[in-house]
Amino acid sequence: MKMPPFEYACPTSLSEAVKLLASHDGEAKALAGGQSLLPMMAFRVAQPTLLVDLRKLSGLGEIKISADGVRLGALVRWRDIEDDDRLDAAHPLLKAAIAHVAHYQIRNRGTVGGSIAHADPAAEMPGIAVACDAEIAVMGKAGARIIKAADFFLGALTTALQPDEIITEVRLPAWPASRRSGFQEFARRRGDFAMAGAALFYDLDKSGKASNAHVGVIGVGDRPRRLKPVEAVLNGSAIDEATIAKAAAAASAAVEPQEDIHASAAYRRSLTGTMVERALKSAAG
Amino acid sequence: MKNTFIGASIERREDLRFLRGRGIYVDDLTVPGLLYAVILRSSVAHGRLKSVDTSAALKIPGVHAVITAKDMNFTDYPAGVPIVPMRLQPLPEFKPFEQPVIAYDKVRYVGEPIAVVLASSVAVGEDALEHIAVEIEDLPPVATWRAAQKNESILFEPTGTNRSLMFEARKGDADTAFRDAPYTRRENLRTGRHYGLTMEPRGVMAEWDAAKNKLTVSGAAKVPFFNRRILAKQIGLAESDIEMIENDVGGGYGARGEFYPEDFLIPFAAKHINRPVKWIEDRRENLMAMNHARETEADLEIACNRDGTIIGVRGDVHTDMGAYMRTNGAVGARNAPQFMTGPYRVPHHKVDSHLWMTNKTPVGTYRGPGRFEGCFYMERLLDMVAADLGIDRVEMRRRNLISKAEHPYKLATAQPTNAHDQTDSGDYHATLDLCLKEFGWSEKSKLGGKLVGGKYHGVGVACFIEGGAAGPKESARLEINRDSTITVFMGTSSVGQGVETIYAQIAADALEVPIERIRHVYHGSTNTVSDGYGAYHSRSVVMGGSAVLVATEKFMATLRQAAGKRLGCAESSVTLDVDKVVAGGFSLPLGEFAGLTAESAFLNHKHTYSYGSHATHITVDAKLGHIEILDYLVVQDVGRAINPLTLRGQVIGSLVQGLGGAVLEDLKYDEQAQFLTGTLADYLLPLASDFPNLRCIVTDDHPSPINPLGAKGAGEGGIVAAGGCMANAVANALQSFGVQPRALPLSPTYIWELVQAGQQKAAE
Ligand SMILES: Cc1cc2nc3c(=O)[nH]c(=O)nc-3n(C[C@H](O)[C@H](O)[C@H](O)COP(=O)(O)OP(=O)(O)OC[C@H]3O[C@@H](n4cnc5c(N)ncnc54)[C@H](O)[C@@H]3O)c2cc1C
């Protein structure tokens, strides 16, 4: 399991990095934490001819919190999110989700941008991005652009990113202090990719009814997605036992999971409902 | 001085070098001019090998050679390609199913070696793999034992069958007993496909010295003397032309150290190209090339009296053997039917065991071979019978455990190998009682089936015996050094069990010297003693330890003779005092006798049987199918504990492996026999955080009568009953759904499906 031959560059500016990425006929790849890319190269599933190491690019490693929301630089690592106490209030859902990513050593290296670009259907960060209507800021040969999370993930390990584009930032909209949220996932061992997970939030109006419900799921289907039928169940209703049961049933009905070696499709379908149910209970609790 | 090193919890002398990162494993070795071997493995499960074109690979800079079957012309073998013979149960019936060292006419599993690239680095070698053109004509793959049974697609055409053998385990007259039995129950039970994953994958480094006609093979493990014999015959050298060197070994579990194709291919490559060659297995290869184990399906019937006493068991066990009969491949398929009755008194026993060849990685032994499977069948049956007959589960076991007075108790005999076996000693009831008491069974079992905080509580119990001490013999040698220390040389091997410490304890006690005097313990290489047997079947302590004892006797006799002569004293007056030889008021430094050596062997044809009980308290989240272990206790009596500290490590370690097999691990194939679990993200080993609440108690109340130490093999007690105990606990937890697990692993999907089925049935 040795990597195929490749060239390596470690640019110090974003424009240089973009130029390098554009220089190899689409065969160059950005290198961030390396926790997904390098194993794929060792298995020779990925065979880029040039690796463009992003580690010397300045300004991409910060977590910025303002009235507009949370901005995660592409090189922010899982560990940075875990250690940032400001996020407990600024984005509790993000914090709850990232606690489930991988293991200690991997959390020290894996990055937000890498996870978004890699687009594993069960990964937490893409799930949060989709559930929260995040914007993904990218820079390429043609300049900077913003891609909505809903348009970004096209399938398993497939995104709207052009080969010469680098993710610079993930922007999560502002989080009102009164917002209710819950995150639940289940993996066979702690730190494994989830067999199914739910990331959701809603606001409560004066009468105690939910509004603005966002329900995202991971690990079921080829990409993270929001479940509109479940959101419809929640919006305008009090989040009580009956609503939660209805929402869970709607969640199971809304997904088309695949079977794999870890779980059957029927199990995943049921698990999706259970995750939504438990996430709602913790949000309401 | 009277020593008591035996029985003391002495920290392992090996630990210092391991913990400081100073262990030397085969991959740490390098020599000038070394080439790296990389193996091209079949990606096709079943097919006819038409051609292998290596020309493009040979053009890659850094590639020195590519070896295929065409390079072999060993006239002792019909196709010129050596065959790996069986080490255990080498029956003539198995001959046609043995594995060639490299594919030449057919490929029979994904992972079978087709070519060996010799390159300046592993990376270059792997680059070259992509340039070897292999033409394979697909044949219908046989992906399950049920498909094999149809005999439509046959792996070894000349044999006309995919069944390499049927073992018959027999005792009493089961058919008559069943005819008259007041109660019977029949069940289908399955175990998953596992393997003894070693932290350090396999590795071989071979150096050929043409001038001296000497082949040195590093990376040996487990059974180096036997493997030297195989290699010598295959490659056409005398045994004494070959030296097998054991380095530090990162785990064995039955799998590492058996003779595999690579154990021929790498020495052959070194000789062929006349340069040293090293091959280190990577994890993907380890998953698809090292022996698999355990995958069985059993159709069993049990007959009992109304009071729960067992009358008999009968039925069939089907084992998915994979593509070839490997060195120890038949052991599990023989043990499962023969030893499934474990510690229980079963007067009538008739189980047939069918060995089915399939297009999967071949199987071999894995810690507790056949016993893990058999114990699962038996323990599941006992719980179901107890429920049927309205007998408490613990009482059911008490009524059937072999009593103290019944030893030696005869177990079933297995044909055609005529394998007789019997227990040696022990009080099985006492161990069960101790286990239940220390576990808190009477309190915890009240929770069984209760829903607390969204989770169902369950308790399980299971009992086991563990066979150990395989004969026929083992050797040890002691030698005096100039510095008045003593070196012990062993015919057994270390696979990480801590035998250097244990042998030093035994030798120091026997010689009545401080343990530091036993400065080095060497083992596992073919230069230690004249003949050795190795590390398997929980035999190192019993066989190796007893060999140390008999060698110390001979050593002292030899020393007394030499010292008596030197000092002019009676031999009987000679004693050893730390680093001096003392007699009749005279004393000489031990080093004066440097070079004095004595080798002796311990012979034994009987087996030891350590035994014990498992109890577990779990919760099950019925919606997730997720199991959490709140408490797990193993109590094992080992006859005599040489080192309770390392022993506990054995029990807990094997328990974790057992729980892996019970809950997580499963090597999977699709219907085309394509291998689906080629990474550790797919094959789920227990992580450090998965099973935190494990305990064990080891006792040594009942020494084995069959060896001078009184010790019993004890490497497998944690693993054997883990599957049965966990499945029983799940059944107990989910009793309100009528759940009865009949298969391992207890995966979330499986448990969830059982709950669904139970709910559906209740609704009807
Ligand atoms: C054992 C293990 C368990 C894991 N478990 C989980 C888990 O439970 N949940 C989870 O979410 N992840 C998990 N991961 C993946 C881990 O979180 C990765 O770190 C992450 O998915 C990728 O981030 P990275 O920085 O390592 O990216 P890299 O591996 O460096 O890159 C991944 C891909 O993204 C591209 N890329 C990287 N950065 C950028 C950028 N800024 N712009 C454009 N493209 C970019 C690369 O070219 C590559 O294609 C696990 C990994 C391992 C090894």
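Residues numbered from 1 in each chain as written. Chains lettered and ligands numbered in written order. Predicted model: local features only at pLDDT ≥ 70, side-chain atom pairs only at ≥ 80, totals over all residues. Heavy atoms only, no water.

Describing the pairing of strand E12 (residues 196-204) of chain A
All names here are of chain A.
Move 1: Burial runs high along E12: eight of the nine residues are buried.
Move 2: As defined by bridge partners, strand E11 (residues 180-186) adjoins E12 across seven bridges and the pair is classed as antiparallel. Counted as the bridge partner of Phe 183 is Ala 199 from E12.
Move 3: Bridge analysis of E12 against strand E13 (residues 210-218) gives seven bridges, and the strand direction is antiparallel. Each residue of the ladder has a partner; that of Phe 201, found in E13, is His 214.
Move 4: If you look at the hairpin formed by E12 and E13, you'll find five residues sitting between the two strands, and Gly 208 has a positive phi there, around 85°. (Buried < 20%, exposed > 50% of the residue type's maximum accessible area, 1.4 Å probe, protein only. Helix = DSSP H or I, 4+ residues; strand = E, 2+ residues; numbered from the N terminus. Pairing = 2+ DSSP bridges.)

A short note on the packing of aromatic side chains
The geometry of an aromatic ring pair is captured by two quantities: the separation of the ring centres and the angle between the planes.
Move 1: Going through the model one piece at a time under the given rule, you end up with 18 aromatic pairs over all chains.
Move 2: Note on A:Tyr267 and B:Trp752: the rings are 5.7 Å apart at their centroids and 80° apart in plane angle, and the pair reads as edge-to-face. Taken together, the residues span two chains, with A:Tyr267 in helix H12 (residues 265-284) and B:Trp752 in helix H19 (residues 748-763). There is no split in this pair, since A:Tyr267 and B:Trp752 are both buried.
Move 3: Plain terms: the ring middles of B:Phe264 and B:Phe268 are 5.4 Å apart, the flat faces sit at 20° to each other, and that makes the pair stacked. Separated by four residues within a single helix, B:Phe264 and B:Phe268 lie in helix H7 (residues 261-273), roughly one turn from each other. (Phe/Tyr/Trp six-rings, centres within 6.5 Å; stacked < 30°, edge-to-face > 60°.)

Overview of the domain arrangement of chain A
All names here are of chain A.
Move 1: Structurally, chain A comprises domain 1 (7-53), domain 2 (63-173) and domain 3 (181-284).
Move 2: Facing the 24 residues of domain 2 at the interface are 22 residues of domain 3.
Move 3: Summing the contributions of domain 2 and of domain 3, the shared interface buries around 1,900 Å²; its carbon and sulfur component is 61%.
Move 4: At the boundary of domain 2 and domain 3, one finds one salt bridge.
Move 5: Arg 226 is paired through a salt bridge with Asp 133; the nearest N and O atoms lie 2.8 Å apart.
Move 6: Linking domain 2 with domain 3 are six residue pairs in polar contact (both at pLDDT 80 or more), by the criterion used here. (Domains from an automatic or database assignment. Contact = heavy atoms within 4.5 Å. Buried area = accessible area lost by both parts, 1.4 Å probe. Salt bridge = Lys/Arg side-chain N within 4 Å of Asp/Glu carboxyl O. Polar contact = N/O pair within 3.5 Å; in protein donor to acceptor, adjacent residues only side chain to side chain.)

Considerations on empty space enclosed by the protein
Sizing a probe to match a water molecule and rolling it over the atoms shows the empty space that remains.
Residue and element names in this part refer to chain B.
Move 1: Applying the stated criterion across every chain, the model contains seven cavities of 30 Å³ or more.
Move 2: Considered as a void within the structure, the largest cavity measures approximately 120 Å³ in volume.
Move 3: Residue lining of the largest cavity: 17 residues in total, with Gly 219, Ala 220, Gly 257, Glu 258 and Asp 263 positioned closest to the centre.
Move 4: Sort the elements by how many residues they give to the lining of the largest cavity and strand E12 (residues 214-220) lands first, with four residues. (1 Å grid on protein atoms, 1.4 Å probe; cavity = no way out; pocket = protein on both sides within 12 Å on 5 of 7 lines; lining within 4 Å. Points joined across faces, edges and corners; volume = space filled by probe spheres on them.)

Topic: helix H11 (residues 393-400) of chain B
Residue and element names in this part refer to chain B.
Move 1: For H11, the complete set of buried residues consists of Arg 393, Val 394, Met 396, Arg 397 and Asn 400. Take H11 and look down its axis: the buried residues cluster within an arc of 160°, on one side only.
Move 2: Measuring from the backbone nitrogen of Val 394 back to the side-chain oxygen at the start of H11 gives 3.0 Å, which picks out Asp 392 as the cap. (Arc of directions from axis to C-beta.)

Focus: the side chain of B:Ser654
Move 1: Its location among the elements puts B:Ser654 in helix H16 (residues 644-664).
Move 2: When near neighbours in sequence (up to four residues on either side) are disregarded, B:Ser654 contacts B:Arg367, B:Gly715, B:Glu716, B:Gly717, B:Gly718 and B:Ile719.

Details of the sheet that holds strand E9 (residues 163-171) of chain B
Residue and element names in this part refer to chain B.
Move 1: Strand order in the open sheet formed by six strands is E10-E15-E16-E17-E9-E18, with mixed pairing between adjacent strands. Either end of the sheet is taken by a strand with one partner, and the two such strands are strand E10 (183-191) and strand E18 (413-415). Sheet twist, expressed as the average angle between the axes of neighbouring strands with direction ignored, equals 15°.
Move 2: Packed on one face of the sheet, helix H9 (residues 331-339) meets E9, strand E16 (310-322), strand E17 (348-357) and E18 and runs near 160° to E17.
Move 3: Packing against the sheet, helix H10 (residues 371-389) makes contact with E10, strand E15 (296-304) and E16, and its axis sits at approximately 145° to E10. (Axes fitted to C-alpha atoms, helices over the stretch in contact; angles between N-to-C directions.)

Structural notes on the environment of B:Pro100
Residues and elements named next belong to chain B.
Move 1: You can see Pro 100 is positioned in strand E5 (residues 99-100).
Move 2: Separated by 20 residues in sequence, Pro 100 and Gly 80 have C-alpha atoms that sit 9.8 Å apart.
Move 3: With residues up to four places along the chain from it excluded, the contact list for Pro 100 reads Val 81, Pro 82, Ile 83, Pro 261 and Tyr 324.

Some remarks on the site of the ligand
Residue and element names in this part refer to chain A.
Move 1: As a structural note, the neighbourhood of the ligand is formed by 32 residues, with Ala 30, Gly 34, Leu 37, Thr 111 and Glu 124 the closest of them.
Move 2: A distance of 3.4 Å separates an oxygen atom of the ligand from a polar atom in the side chain of Lys 29.
Move 3: Backbone polar atom of Gly 33 to an oxygen atom of the ligand: 2.7 Å apart, as the coordinates give it.
Move 4: Look at the ligand: alone it shows 960 Å² of surface, and the protein chains cover 90% of it.
Move 5: Counting residues per element, the ones that place at least two in the shell around the ligand are strand E2 (28-31), helix H7 (112-118) and strand E10 (166-173).
Move 6: Counting residues per element, the shell around the ligand draws most heavily on H7, which supplies five residues. (Near = heavy atom within 4 Å. Areas by Shrake-Rupley, 256 points an atom, 1.4 Å probe, with all protein chains shown as cover.)

Points about the sheet that holds strand E6 (residues 106-107) of chain B
Residues and elements named next belong to chain B.
Move 1: Across the sheet, which stays open at both edges, the three strands sit in the order E6-E2-E8 with antiparallel pairing between neighbours. One side of each edge strand has no neighbouring strand; the edge strands of this open sheet are E6 and strand E8 (133-138).
Move 2: As paired strands, strand E2 (residues 47-53) and E6 are joined by two bridges and run antiparallel to one another. Counted as the bridge partner of Gly 47 is Val 107 from E6.

Focus on the state of the cysteines
Move 1: Per the stated rule, a full pass over the model turns up zero disulfides over all chains.
Move 2: Sulfur of B:Cys725: no disulfide; nearest cysteine sulfur belongs to B:Cys435 and is 7.8 Å away. (Disulfide = S-S within 2.5 Å.)

Digging into unusual backbone geometry
Residue and element names in this part refer to chain B.
Move 1: Look at the link from His 407 to Pro 408: it is a cis peptide, with omega at -10°.
Move 2: The residue after Leu 744, namely Pro 745, is reached through a cis peptide bond having omega 0°.
Move 3: Take Pro 745: it is sitting in the loop between helix H18 (722-733) and H19.
Move 4: Non-glycine residue Arg 294 carries a positive phi angle of around 85°.
Move 5: Secondary-structure assignment places Arg 294 in the loop between helix H8 (283-289) and E15.
Move 6: Phi is positive for Ser 538, which is not a glycine, with a value near 40°.
Move 7: Tracing the sequence through the fold places Ser 538 in the loop between strand E23 (518-523) and helix H15 (540-567).

Side note on the interface of chain A and chain B
Move 1: Contact with chain A, which involves 27 residues of that partner, is made by 32 residues of chain B.
Move 2: Interface of chain A and chain B: buried area, both sides summed, is about 2,500 Å²; carbon and sulfur atoms make up 56% of it.
Move 3: Contact with chain B buries area across many residues of chain A, yet A:Arg188, A:Arg189 and A:Ile261 alone supply 30% of it, more than any other trio.
Move 4: For the pair chain A and chain B, the interface holds five salt bridges.
Move 5: Between B:Glu126 and A:Arg44 there is a salt bridge, with the nearest N and O atoms lying 3.7 Å from each other.

Observations regarding the layout of surface pockets
Residues and elements named next belong to chain B.
Move 1: Counted as a void, the second largest pocket has a volume near 1,000 Å³.
Move 2: In terms of lining residues, the second largest pocket is bounded by 38 residues, among which Arg 190, Glu 295, Asp 666, Lys 668 and Leu 744 are the most central.
Move 3: Breaking the lining of the second largest pocket down by element, the ones donating at least two residues are helix H4 (145-149), E10, E15 and H19.
Move 4: Counting residues per element, the lining of the second largest pocket draws most heavily on H19, which supplies three residues.
Move 5: By residue class, the composition of the lining of the second largest pocket is 13 nonpolar, eight polar and 17 charged. (Nonpolar A, V, L, I, M, F, W, Y, C, P; charged D, E, K, R; others polar.)

Remarks on the nonpolar core
The tendency in soluble globular proteins is for nonpolar side chains to be buried side by side.
Move 1: In this structure, B:Tyr632, B:Met726 and B:Leu734 are the most contacted members of the largest nonpolar core, which totals 95 residues.
Move 2: Ranked by size, the runner-up nonpolar core spans 47 residues in total, among them B:Val521, B:Leu559, B:Leu588 and B:Leu709. (Core = buried A, V, L, I, M, F, W, Y, C linked by side-chain atoms within 4.5 Å.)

Comments concerning the domain arrangement of chain B
All names here are of chain B.
Move 1: Along its sequence, chain B is carved into domain 1 (15-23 + 470-603), domain 2 (31-139 + 196-289) and domain 3 (428-466 + 606-764).
Move 2: For domain 2 and domain 3, the distance between their C-alpha centres works out to 37 Å.
Move 3: On the side of domain 3, 12 residues touch domain 2, which itself brings 10 residues to the contact.
Move 4: Summed over both partners, the interface of domain 2 with domain 3 buries about 820 Å², with 68% contributed by carbon and sulfur atoms.
Move 5: When the area that domain 2 buries against domain 3 is broken down by residue, the three leading residues are Val 110, Leu 197 and Leu 287, summing to 56%.
Move 6: There are zero salt bridges connecting domain 2 and domain 3.
Move 7: Inspection of the domain 2/domain 3 interface yields one residue pair in polar contact (both at pLDDT 80 or more).
Move 8: Residue composition of the side of domain 2 that touches domain 3, grouped by class: seven nonpolar, one polar and two charged.

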